[in-house]
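This is what each chain is made of:
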Amino acid sequence: MRHFTISAVIALTLFTAQTQAQITPYVRTTPLEKKNFVGNFPKLRNARSWDGVEPGSYNIKFKISGVKPGDTLLLADYHLDGKYKRDTAVVDKTGVAAFEGKYKLQRGMYILALPHMRGFFDFIVDDDQDFLITTDTAYYTGDYYSKMKVKGSDQNEAFVSYQLGKSQIVTDIIELDEKIKTDSSESFRKPLLEKRQELMAKKNNYDNDFVKLHPDHLLSRFLYAVEDVEVPKELPTLPDGTKDSMYPYHYYKQHFWDRVDFNEDGLTRMPVNVLKQRLDLYFEKVIIPDSDSLIKESDMLLAKCKNTIEIEKYIIWYLTNRFETSNIMGVDRAFVYMALNTYCSGKAWWADSATIDKMCDNAQRRKWTLIGETAPGLELADQDSMWINTNAIIAPYTIMIFWDPTCGHCREVMPKLAEIYKANKAKGWKVIALAPNDKKKEWYAYLKEHPESSEFIHLLRGSVRSQFYADQIYKYYVIASPTIFIVDDQKNILANRIDVDKIADFLDHQDKKKKKGAAN
């Protein structure tokens, strides 16, 4: 029989059948305690961050025929999108390699690698971490599970049976496919194709049968989670007699997370990162990516995983990183919300003080220039050394561009902005161009070379009249040039970090909204 790693077997079967069985949600056997040694922003301590490992111990032994006393075995785990070394053990005189530790291993699927990485196999680590696995090196066949015996772990006994059964079916299908290719006659192929259909049905139902037999198994929770939602095909009828065409979407969204056991930290240590798969699909295809929806959905997910360590850690990291790096305007509000309510509130126990300080400083600065906030008023000098207060500039729309005359991209954007302004200045629009104070020479040279931007209000950022205005300009989160903001006649921010090519359409849309509102 051919041997397949669990990851290969799973990859051959993902989303092939809808599991009708139900899992038993995981219940923690020890009280949950998440430690925060670093403190909360801004009162941070230069202390070690917590590694997420809980008190306890593990004593996992392997006796593998074919390895010699003195050989070293390697213990590793699957974690999200990688494999990581966790421990090593030397084979003793009796042929046993014992992996021991004073803290519990995190739940999940682990890897036992043979000397010199000549082979490996997977096994399960759950709450019972005192057991013995015996097998053969299988250097030439890779057939570890047919000779495997487990003592002291029901989870691994069931896991071995799963591996043997699924691998046998896959092997039979591959061998049958090879046989089918040898003769194209219908009389030869027909019974083989019928046999293949039977095997495919058995393969597709195999995971379902395993979950039925082992609803409390860690593998069952994983197999259950990788399957997508099955939407009823029959559409309900609305009161007006028509079919509800939106029903499939609403059903799919409502039941999207039903199969994920948010109590099972072991889902973060599996060959396939099912959490990322589900999160990517949900935030890219299922929900509308506006800040209010993103914040609402984030709260929902965080509430689901509050009783976990690893899942909560991953979801906090995933959401914060996704929102921080999003190119969709307005999503930065969701980033600020996530950062302030997790990293800055002591929930990022895995992060050090430098990381938290950087993250929270970022969020604190961004919050002042979110869409809907009042633009911080500035008072800066123009090219004639006259002090200009931006709050005194009256316009239906004011475009503020933070730029640098030595920046290549800025030199492409400024002429485009001049064209937009020329086409709309009769409407009363204004453009404020803010250049760095330490590049006056380049600034004057650019203005001389580009008279098309002469009607902009040009200001130098750097010299201010008071600490108040120094604090005000700091509130504009500008880490790259150019960065463009748009404010309305009440100095409320309509757009932040908008692309120059989208300005005209954006403000045309704003005008239409105003006219529609006035008409109503």
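Residues numbered from 1 in each chain as written. Predicted model: local features only at pLDDT ≥ 70, side-chain atom pairs only at ≥ 80, totals over all residues. Heavy atoms only, no water.

Student: Please give an account of the overall build of the protein that cites residues and values.
Tutor: Tallying secondary structure elements over the protein gives 14 helices and 17 strands in all. Against the 2.2 N^0.38 benchmark of 24 Å for 520 residues, the protein shows a C-alpha radius of gyration of 31 Å, more extended than a compact globule. Projected onto the principal axes, the alpha-carbon positions of the protein cover approximately 85 × 65 × 45 Å. A total of 520 residues make up the protein; the buried ones form 49% of that total. Nonlocal contacts in the protein, meaning residues at least 24 apart in sequence, comprise 69% of its contacts between residues at least 6 apart. Here the protein has roughly 26000 Å² of accessible surface; of this, 51% comes from carbon and sulfur atoms. (Helix = DSSP H or I, 4+ residues; strand = E, 2+ residues; numbered from the N terminus. Rg over C-alpha atoms; globule rule 2.2 N^0.38 Å. Buried < 20%, exposed > 50% of the residue type's maximum accessible area, 1.4 Å probe, protein only. Contact = heavy atoms within 4.5 Å. Areas by Shrake-Rupley, 256 points an atom, 1.4 Å probe, with all protein chains shown as cover.)

Student: Got a sec to walk through the pattern of salt bridges? Specific residues and values, please.
Tutor: Under the criterion given, the structure shown has 29 salt bridges. Two residues, glutamate 227 and arginine 259, come together in a salt bridge whose shortest N-O distance is 3.7 Å. On the criterion of sequence distance, the pair formed by glutamate 227 in the loop between helix H4 (218–226) and helix H5 (247–254) and arginine 259 in the loop between H5 and helix H6 (274–286) is long-range, its members being 32 residues apart. Accessibility classification places glutamate 227 together with arginine 259 in one group, the buried group. Among the salt bridges present, the one from lysine 253 reaches glutamate 297, with a minimum N-O distance of 3.2 Å. Of this pair, lysine 253 sits in helix H5 while glutamate 297 sits in helix H7 (residues 291–304), placing them 44 residues apart in sequence. Shared partners join several salt bridges into a network, and the residues in it are Arg107, Asp127, Arg221, Asp261 and Glu264. (Salt bridge = Lys/Arg side-chain N within 4 Å of Asp/Glu carboxyl O.)

Student: Please give an account of unusual backbone geometry that cites residues and values.
Tutor: Of the consecutive residues phenylalanine 41 and proline 42, the connecting peptide bond is found in the cis state with omega at 5°. Topologically, proline 42 is positioned in the loop between strand E1 (39–40) and strand E2 (43–44). Across the junction of serine 481 and proline 482, the peptide omega takes the value -5°, indicating a cis bond. Along the chain, proline 482 turns up in the loop between helix H13 (467–474) and strand E16 (483–488). The phi torsion at leucine 80 lies on the positive side, around 55°, for a residue other than glycine. With respect to the helices, strands and loops of the structure, leucine 80 is situated in the loop between strand E4 (72–79) and strand E5 (82–90). The phi torsion at serine 385 lies on the positive side, around 65°, for a residue other than glycine.

Student: Please give an account of the packing of H6 against H7 that cites residues and values.
Tutor: Contact geometry for H6 and H7: axes closest at 12 Å, N-to-C directions at 155°. Classified by the angle their axes make, H6 and H7 are roughly antiparallel. Of the two elements, H6 crosses H7, and the hand of that crossing is right-handed. Residue-level contacts link Leu279, Tyr282 and Phe283 of H6 to Leu294, Glu297, Met300 and Leu301 of H7. A class-by-class count of the residues in the contact of H6 with H7 yields six nonpolar, no polar and one charged. (Axes fitted to C-alpha atoms, helices over the stretch in contact; angles between N-to-C directions. Parallel < 35°, antiparallel > 145°, perpendicular 65-115°, else oblique. Left-handed = near helix turned anticlockwise from the far one by under 90°. Nonpolar A, V, L, I, M, F, W, Y, C, P; charged D, E, K, R; others polar.)

Student: Please give an account of a negative patch on the surface that cites residues and values.
Tutor: Negative charge collects at one region of the surface, where Asp128, Asp130, Asp154 and Glu157 lie side by side. The topology assignment puts aspartate 154 in helix H2 (residues 154–180). Among the residues examined, aspartate 154 registers a relative accessible area of 64% and is labelled exposed. (Patch = residues over 30% accessible without salt bridge, like charges linked within 9 Å, V, L, I, M, F, W, Y side chains within 5 Å. Lys, Arg positive; Asp, Glu negative; His and termini not counted. Charge placed at Lys NZ, Arg CZ, Asp CG, Glu CD.)

Student: Break down the pairing of E16 for me, with residues and values.
Tutor: Among the six residues that make up E16, six are buried, leaving the element largely enclosed by the rest of the structure. Neither face of E16 is left uncovered, since the one carrying Thr483, Phe485 and Val487 and the one carrying Ile484, Ile486 and Asp488 both have all their residues buried. Sheet analysis places strand E13 (residues 397–402) next to E16, joined by six bridges and oriented antiparallel. By the bridge assignment for E16, isoleucine 399 is matched with isoleucine 486. (Pairing = 2+ DSSP bridges.)

Student: Which residues make up the environment of isoleucine 457, and what values do they have?
Tutor: Among the secondary structure elements, isoleucine 457 is positioned in strand E15 (residues 457–461). The sequence separation of isoleucine 457 and glutamate 198 amounts to 259 residues, and the corresponding C-alpha distance is 76 Å.

Student: Got a sec to walk through the sheet that holds strand E14 (residues 430–436)? Specific residues and values, please.
Tutor: The strand order E12-E11-E15-E14-E13-E16-E17 describes an open sheet built from seven strands, whose pairing is mixed. At either margin of the open sheet sits one strand with a lone partner, and together these are strand E12 (387–389) and strand E17 (493–496). Here the average twist between neighbouring strands, direction ignored, is 30°.

Student: Can you tell me about the packing of aromatic side chains, naming the residues and giving the values?
Tutor: Counting across every chain of the model gives 31 aromatic pairs. Here the aromatic rings of tyrosine 282 and phenylalanine 283 are separated by 5.6 Å at their centres, their planes lie at 90°, and the arrangement is edge-to-face. Phenylalanine 283 sits in the buried class, given a relative accessible area of 4%. In textbook terms, an aromatic cluster arises when at least three aromatic residues are bridged by ring pairs, as seen for Phe62, Phe99, Tyr110, Phe121, Phe123, Phe131, Tyr144, Tyr145 and Phe159. When the ring centre of tyrosine 474 is taken as reference, the NZ or CZ atom of arginine 365 above it lies at 4.3 Å. The side chain of lysine 475 reaches across the aromatic face of tryptophan 368, ending 3.9 Å from its centre. (Phe/Tyr/Trp six-rings, centres within 6.5 Å; stacked < 30°, edge-to-face > 60°. Lys NZ or Arg CZ within 6 Å of the ring centre and 35° of its normal.)

Student: How would you explain the sheet that holds E5 if you had to name every residue and give the values?
Tutor: Taken together, four strands build an open sheet; the order of strands is E5-E4-E7-E8 and the sheet is antiparallel. Each edge of the sheet is formed by a strand with only one pairing partner; in this case those strands are E5 and strand E8 (120–125). Strand-to-strand twist in this sheet, taken as the mean axis angle between neighbours without regard to direction, amounts to 30°. Both E4 and strand E7 (residues 108–113) contribute to a ladder of four bridges, which runs antiparallel. Bridge pairing in E7 places leucine 74 opposite alanine 113. Along the sheet, H2 makes contact with E7 and E8, crossing E8 at roughly 135°.

Student: Any details on the side chain of aspartate 87? Residues and values, ideally.
Tutor: Within the secondary structure layout, aspartate 87 lies in strand E5. Buried and unpaired, aspartate 87 has no salt bridge, with lysine 85 as the nearest side chain of opposite charge at 7.7 Å. Only 2.7 Å separates the side chain of aspartate 87 from the side chain of tyrosine 58, close enough to count as a polar contact. Apart from the residues lying within four places of it in its own chain, the contact partners of aspartate 87 are Tyr58, Leu73, Leu74, Leu75, Phe99 and Glu100. (Polar contact = N/O pair within 3.5 Å; in protein donor to acceptor, adjacent residues only side chain to side chain.)

Scope: geometric values only; no functional claims are made or implied.
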